[in-house]
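Structure at a glance
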Amino acid sequence: MELFIMLLRLLCLLPLAMAYRTLSDATLKGLPTPGNDFDITTGALLAPVLRPRVSGTEGSRAVLQHFIDFFKMELPEWRLELHNSSSTTPTSNGKPVPFVNLIATRDPPNSGVGDVGRLALVAHYDSKLEPVGFIGAIDSAAPCAMLMHAARSVDKALTKKWAAMAADGTDDLEDKKGVQILLLDGEEAFKVWTATDSLYGSRALAEEWEATFHPAASTYKTPLDSIDLFVLLDLLGSKGPTVPSYFKTTHWAYKHMADVERRLRNLGLFKSSPNHALKVAKRKNKNKRAEPYFLTEANKGDSAYYGGYIEDDHVPFLARGVEVLHVIPSPFPHVWHDITDDGKHLDMDTVEDWARLVTAFTAEWMELEGFFDARTKQKVESAGKSEL
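Residues numbered from 1 in each chain as written. Predicted model: local features only at pLDDT ≥ 70, side-chain atom pairs only at ≥ 80, totals over all residues. Heavy atoms only, no water.

Per an unreviewed UniProt entry, the recorded name for the protein chain is Peptide hydrolase, and the organism is Bimuria novae-zelandiae CBS 107.79.

Written out as structure tokens, the structure reads:
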């Protein structure tokens, strides 16, 4: 019986693993970079998020509007939804605080409600109430910008893929896959982290999605069931992170992301690498140095998987059976919950590397090899050569 159960679990995971298709080296080299959009003072993506944005405040509303404007102006094919909830907090004196999650979804054209399985890319956008003036650059302004960049980078390739499928008459023959960006509100505790003073937005969203039912004939029963993988980014942007594999059931996805990282490093595309051409050119000793990998447990066997010990926005989803890939360093960066967690303390090479890695992982998950604009590739590659 135990063997039967193990085989059944393996078969449940197999379709997801088989649906993943790697990108060629040429495509990896041609993926767009954020460029000046990650500049901490003028960058179109990151700079507007680098401000205090405590839930329910003007700063929070301004950052939310920044996200909405980005999708409406640059990615009009993405469907936007605002999920609203409210709750009293230990510091609100009995008054309800509003929490607003932004959900941006890109599904194949003409998809029926409940017929699309999605890759959910997730980060929280609120910041801590204290210390006063806390920015939260790694926590989680930079991850939000990474997700915006990833969405923009794959958008045209998604359009080309789905158009090609429709032209070939294969759009109804494959499993329908979409991608979803969840920018969540109210992750931070207002006073002391407890089960009720934290995760305000994610708790409300997971509860509602579990109780919202698709039409009876749908492939997926609820919006929660529609999530094939919940990839949560948090505390990313400091130099030298190490991210363990937290969950055994999603270690296969962790290994895919780790393999993308390995290939990007081998191709010389990671700016934070000591072997990047710009870094080598600046030092006397040109010998290759050991690569400081972000994802350090690709070869992990049956060792302890301790993801449940880190409280984060994945918890309400995990408790309802959603598969989670938690991308958060351990140990936490030294600026965690400190006033120094600001734009000036970001390691921008690391930030850009995470953006490239998440973009590549998303492109592989959505099987976009062959659908990126060749002219864009040439432009990016040429820019890279001139930079060197």
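Moving on from the coordinates now.
With respect to helix H5 (residues 200-211)
Because each turn of an α-helix spans 3.6 residues, side chains separated by three or four positions end up pointing in the same direction. Under the 1.5 Å per step criterion, the end-to-end length of H5 is 17 Å for 12 residues, consistent within 8% with the ideal 16 Å. Those residues of H5 that sit buried are Tyr 200, Gly 201, Ser 202, Ala 204, Leu 205, Ala 206 and Trp 209. Against the buried residues of H5 lie strand S1 (79-87), strand S2 (97-106), strand S4 (177-184), strand S5 (227-233) and helix H8 (315-318). (Helix = DSSP H or I, 4+ residues; strand = E, 2+ residues; numbered from the N terminus. Expected span 1.5 Å × (residues − 1). Buried < 20%, exposed > 50% of the residue type's maximum accessible area, 1.4 Å probe, protein only. Contact = heavy atoms within 4.5 Å.)

Quick look at the packing of aromatic side chains
Applying the stated criterion across every chain yields a total of 14 aromatic pairs. Where Phe 70 meets Phe 71, the ring centres are 5.1 Å apart and the plane angle is 75°; that geometry is what we call edge-to-face. Given a relative accessible area of 4%, Phe 70 falls into the buried group. Centroid distance Phe 99 to Phe 190: 6.3 Å. Interplanar angle 75°. Geometry classified as edge-to-face. In this pair, Phe 99 sits in strand S2 while Phe 190 sits in the loop between S4 and H5, placing the two residues 91 residues apart along the sequence. Take Phe 99 and Phe 190: they sit in the same class, and that class is buried. (Phe/Tyr/Trp six-rings, centres within 6.5 Å; stacked < 30°, edge-to-face > 60°.)

Digging into the confidence of the model for the protein chain
In this model, the protein chain carries a mean pLDDT of 91, and residues with pLDDT of at least 70 account for 90%. Counting contacts from residues 1-18, a segment whose pLDDT is below 50, to residues more than four positions away or on other chains yields eight contacts. (pLDDT = per-residue confidence, 0-100.)

Description of the environment of Arg 203
Among the structural elements, Arg 203 can be located in helix H5. Here Ser 198 takes part through its backbone oxygen, which lies 2.9 Å from a polar atom of the side chain of Arg 203. (Polar contact = N/O pair within 3.5 Å; in protein donor to acceptor, adjacent residues only side chain to side chain.)

Concerning the side chain of Ser 127
For Ser 127, the position within the fold is in the loop between strand S3 (117-124) and helix H4 (137-168). Looking at Ser 127, its side chain comes within polar contact range of the main-chain nitrogen of Arg 53, at 2.7 Å. A distance of 3.5 Å separates a polar atom in the side chain of Ser 127 from the backbone nitrogen of Val 54. In this view, Ser 127 contacts Arg 51, Pro 52, Arg 53, Val 54, Phe 134, Ile 135 and Glu 188; residues no more than four positions away in its chain are not counted.

Quick word on helix H3 (residues 58-74)
In a regular helix each residue adds 1.5 Å, so 17 residues correspond to 24 Å; H3 covers 24 Å between its end C-alpha atoms and thus fits that length. Within the span of H3, buried status applies to Gly 59, Ser 60, Val 63, Leu 64, His 66, Phe 67, Ile 68, Phe 70 and Phe 71. On its buried face, H3 sits against S1, S2, H4 and S4.

Digging into the pairing of S4
Across the eight residues that make up S4, a large majority, eight, are buried. Side chains of S4 alternate between two faces, with Lys 177, Val 179, Ile 181 and Leu 183 and Gly 178, Gln 180, Leu 182 and Leu 184 buried alike. Two elements, S2 and S4, share five bridges in a ladder whose sense is antiparallel. Opposite Ile 103, over in S4, you have Leu 182 as the bridge partner. (Pairing = 2+ DSSP bridges.)

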